[in-house]
Amino acid sequence: GVGLALCQRLLEEDGRIHLCIACRNEQKSEATRDLLLTTYPAAQVSTVEVDLGNLASVLRAARELRCRFQRLDFVYLNAGIMPNPHVNFKALWHGLLTGKVLHMLTTAEGIMTQTDRLNGDGLQEVFATNLFGHFMLIRQLQSLLCGNEKPSRLIWTSSSNARESAFSLSDYQHARGQESYSSSKYATDLTSVVLNRKFNGEGLYSSVVCPGLVMSNMTYRILPVFLWKLLMPIMWLIRFFAKTYTLTPYNGAEAHMWLFKQKPEYLDSLVKYHSCTSGLGRCYVEPRKMDVDEDTAEKFYQKLLELEEQTLEKYRDLLD
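What counts, and where the lines are drawn
Residues numbered from 1 in each chain as written. Predicted model: local features only at pLDDT ≥ 70, side-chain atom pairs only at ≥ 80, totals over all residues. Heavy atoms only, no water. 1 Å grid on protein atoms, 1.4 Å probe; cavity = no way out; pocket = protein on both sides within 12 Å on 5 of 7 lines; lining within 4 Å. Points joined across faces, edges and corners; volume = space filled by probe spheres on them. Helix = DSSP H or I, 4+ residues; strand = E, 2+ residues; numbered from the N terminus. Nonpolar A, V, L, I, M, F, W, Y, C, P; charged D, E, K, R; others polar. Buried < 20%, exposed > 50% of the residue type's maximum accessible area, 1.4 Å probe, protein only. Polar contact = N/O pair within 3.5 Å; in protein donor to acceptor, adjacent residues only side chain to side chain. Contact = heavy atoms within 4.5 Å. Core = buried A, V, L, I, M, F, W, Y, C linked by side-chain atoms within 4.5 Å. Salt bridge = Lys/Arg side-chain N within 4 Å of Asp/Glu carboxyl O. Expected span 1.5 Å × (residues − 1). Arc of directions from axis to C-beta.

**Let's talk about empty space enclosed by the protein**
Taken as a whole, this structure holds two cavities of 30 Å³ or more when the rule is applied. There is about 40 Å³ of room inside the largest cavity. As for the largest cavity, its lining consists of Ile138, Arg139, Gln142, Leu195, Phe199 and Leu204. Counting only elements with at least two residues in the lining of the largest cavity, the list comes to helix H6 (125–140) and helix H8 (180–199). For the lining of the largest cavity, a count of residues per class yields four nonpolar, one polar and one charged. Within this model, the second largest cavity holds a volume of roughly 30 Å³. Lining of the second largest cavity is provided by Val126, Phe127, Tyr172, Gln173, His174, Ser180, Ser183 and Ser184. Among the elements that make up the lining of the second largest cavity, the one with the highest residue count is H8 (three residues). Considering only residue class, the lining of the second largest cavity consists of three nonpolar, five polar and no charged.

**With respect to the side chain of Ser29**
Looking at the element boundaries, Ser29 is found in helix H2 (residues 26–39). Given a relative accessible area of 2%, Ser29 falls into the buried group. For Ser29, the side chain forms a polar contact with the main-chain oxygen of Glu26, separated by 2.8 Å. Apart from residues lying up to four places away in sequence, Ser29 is in contact with Ile21, Cys23 and Thr47.

**Some words on the nonpolar core**
In terms of nonpolar packing, the biggest core is built from 50 residues, with Phe127, Phe132, Leu141, Leu145, Leu154, Trp156 and Phe300 touching the most fellow members. Here the element with the most residues in this core is H6; it accounts for eight residues. The residues touching Leu141, leaving out its near neighbours within four places in the chain, are Ala62, Leu65, Arg66 and Leu72.

**Describing the pattern of salt bridges**
Within this structure, the stated rule accounts for 18 salt bridges. Across the pair Lys261 and Glu13 runs a salt bridge, and its minimum N-O distance is 3.6 Å. Taken together, the positions of Lys261 in the loop between helix H12 (254–260) and strand S8 (271–277) and Glu13 in helix H1 (residues 2–13) put the pair 248 residues apart, joining distant regions of the chain. Taking relative accessible area as the criterion, Glu13 reaches 41% and is therefore assigned partly exposed.

**Thoughts on the environment of Asp51**
One can find Asp51 in the loop between strand S2 (44–49) and helix H3 (55–68). Along the sequence, Asp51 and Asn25 sit 26 residues apart, while their C-alpha atoms lie 8.0 Å from each other. Excluding residues within four positions of it along the chain, Asp51 makes contact with Arg24, Ser57 and Val58.

**Examining H2**
Taking 1.5 Å of rise per residue, 14 residues should cover 20 Å, and H2 covers 21 Å from first to last C-alpha, within 8% of that figure. Along H2, the residues that are buried comprise Ser29, Thr32 and Leu36. The arc that holds the buried residues of H2, viewed along the axis, is 60 degrees, so those residues lie on one side. Residues of H2 that are exposed and point over 90 degrees away from its buried face: Gln27 and Thr38. Close packing links the buried residues of H2 with H1, strand S1 (18–23) and S2. The opening residue of H2, the one whose side-chain oxygen lies 3.0 Å from the backbone nitrogen of Gln27, is Asn25.

Below you can see the structure in the form of structure tokens.
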């Protein structure tokens, strides 16, 4: 997916970097490392095992990273899940009749639902993996991210599916809804906005990107593979009208790479950077203002801090 493509593009851009791959599957991360070293044999590539949906794993990984590194220049927060996705074909047909189908196909608004569940920590699985595990990780890595000679960067993979209508402060884990993915991505946007307000003064900057519609393992689980094969020619045609149909992981990582080259002080914290691809295959980045309420963002951040406090109390034995 986008994670592997991003690793390849980072090493292609600057072979001097030390790249640390975080992955919940040790065998998969080692295989990825070997693949990267095949193309870039002189690269510095290491791995760390972390399951963002398991808070004990997050705390152990953070402790290991604090031992191994003195600073982190970039943290790409890219892990995400979309369990049991369902397509509402009735809503899709209605969108076709009302002329809203292109909007629905580019944002999945109204046509995509998920069935969530509780994880081993008693949290909603999508919220825990897509947002809270990342939040806990960067909070535990704060000593490596703040106060460095050069700014450090957080780059979150959000989505055009991040919608305020799917998010509620009273149900921020989205236990009572069926759009947990959208809710978690909107929560990501809120979190990034507040992190900038809190930590820019300490040299830590946060940005959010949307990779567009990328054909990855997550996407292939939405519909049967044979159906995707039938749809692919149509999707290539749709890209002439829907620039966020990036389709390949390489194209999807365009905004991630663009941000790698920017000075964070000049970026707008209320903008999401979208990977786009023209109908003829040209990659570019389009900035779009996020629909976020800063007061809601602050209140949500306080709820995250409360949940963090409960977590740290539960896992005191994993703290330094």
